[in-house]
Amino acid sequence: MQHDFTGKVAVVTGGASGIGRATARAFALGGASVVVADLDAAALDDAVRSIKDSGGEGVGVVTDVSQATDVERMVALATDTYGGLDMAFNNAGIEAAPRAVADVTEEEWDRVQAVNAKGVWLSMKYEIPAMAARGGGAIVNASSILGLVGSANGSLYSATKHAVAGLTRSAALDYAQAGIRVNATSPGMIETPLMARTAVKMDVPAEVFHGMHPLGRMGKSPEVADAVLWLCSDAASFVTGVVLPVDGGYSAQ
């Protein structure tokens, strides 16, 4: 699905690989100017180069979303370079080692929460004023199917993604009158580098993940990107506060 984002400015965190990279590229192909943020400088350069090689407009910025100064700089880059901010996909996240609740260490808890939950909050904190200055905008946060259900040995990751779902719904109510729509996607198992690392940590073959979905397969990054772009487009102008499963039927079970 092609949307026309000509003249719009988008920020994508975690934009150097997987779902974030596919979404940044899709925004650019739709005509948006894209600020791509990620911690991996080499992958970030490659993602921006891919956008430009396809005729799109983009710039990269190394960003740790758990640090307010980094996030503030990311948003300032969008406004200083392109004149404002209209759309954001707050996608940066890290996996957690599979452990039962009592086996999660305080260090692990703080590290994963800082990126997956605090990072989304910080991103919205700085994106929202920039969007308000333009008269509105659209934000999509990356939750997960584990933000909709629980998972044995998945308490830490699940807690962060439930937090994203709650932040999304609350922010949607806070800023509806400002013309800022806030939604989230809840992907199932998607073929990404993060998912590959998770499979290794869990010592689970990919075939098991395919079989978890009624559609019989894992999803692909561009399929999630399509959902993000729709939520940011005028086609979703009456949609806010939604946590949208993109999960091959997983959450319907």
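This text follows the structure it describes.
A brief look at the structure comes next. (Residues numbered from 1 in each chain as written. Predicted model: local features only at pLDDT ≥ 70, side-chain atom pairs only at ≥ 80, totals over all residues. Heavy atoms only, no water.)

This part is about the packing of helix α3 (residues 68–82) against helix α4 (residues 106–132). Interhelical geometry of α3 versus α4 gives an angle of 30 degrees and a closest axis separation of 9 Å. Judged on the interaxial angle alone, α4 and α3 are roughly parallel. By crossing handedness, the relation of α3 to α4 is classed as right-handed. Contacts between α3 and α4 involve Ala68, Val71, Glu72, Met74, Val75 and Thr79 from the first element and Leu122, Ser123, Tyr126, Glu127 and Ala130 from the second. Of the residues in the contact of α3 with α4, the class split is 7 nonpolar, 2 polar and 2 charged. (Axes fitted to C-alpha atoms, helices over the stretch in contact; angles between N-to-C directions. Helix = DSSP H or I, 4+ residues; strand = E, 2+ residues; numbered from the N terminus. Parallel < 35°, antiparallel > 145°, perpendicular 65-115°, else oblique. Left-handed = near helix turned anticlockwise from the far one by under 90°. Contact = heavy atoms within 4.5 Å. Nonpolar A, V, L, I, M, F, W, Y, C, P; charged D, E, K, R; others polar.)

Our next topic: the pairing of strand β2 (residues 33–38). By the criterion of burial, β2 is predominantly enclosed, with 6 of the 6 residues buried. Burial along β2 is two-sided: Ser33, Val35 and Ala37 facing one way and Val34, Val36 and Asp38 facing the other are all buried. In terms of strand pairing, strand β1 (residues 9–13) meets β2 through 5 bridges, oriented parallel. By the bridge assignment, alanine 10 is partnered in β2 with valine 34. At this point the chain moves from β1, through helix α1 (residues 18–29), to the parallel β2, and the crossover so formed is right-handed. In terms of strand pairing, β2 meets strand β3 (residues 57–62) through 6 bridges, oriented parallel. (Buried < 20%, exposed > 50% of the residue type's maximum accessible area, 1.4 Å probe, protein only. Pairing = 2+ DSSP bridges. Right-handed = clockwise from strand over helix to strand, strands pointing away.)

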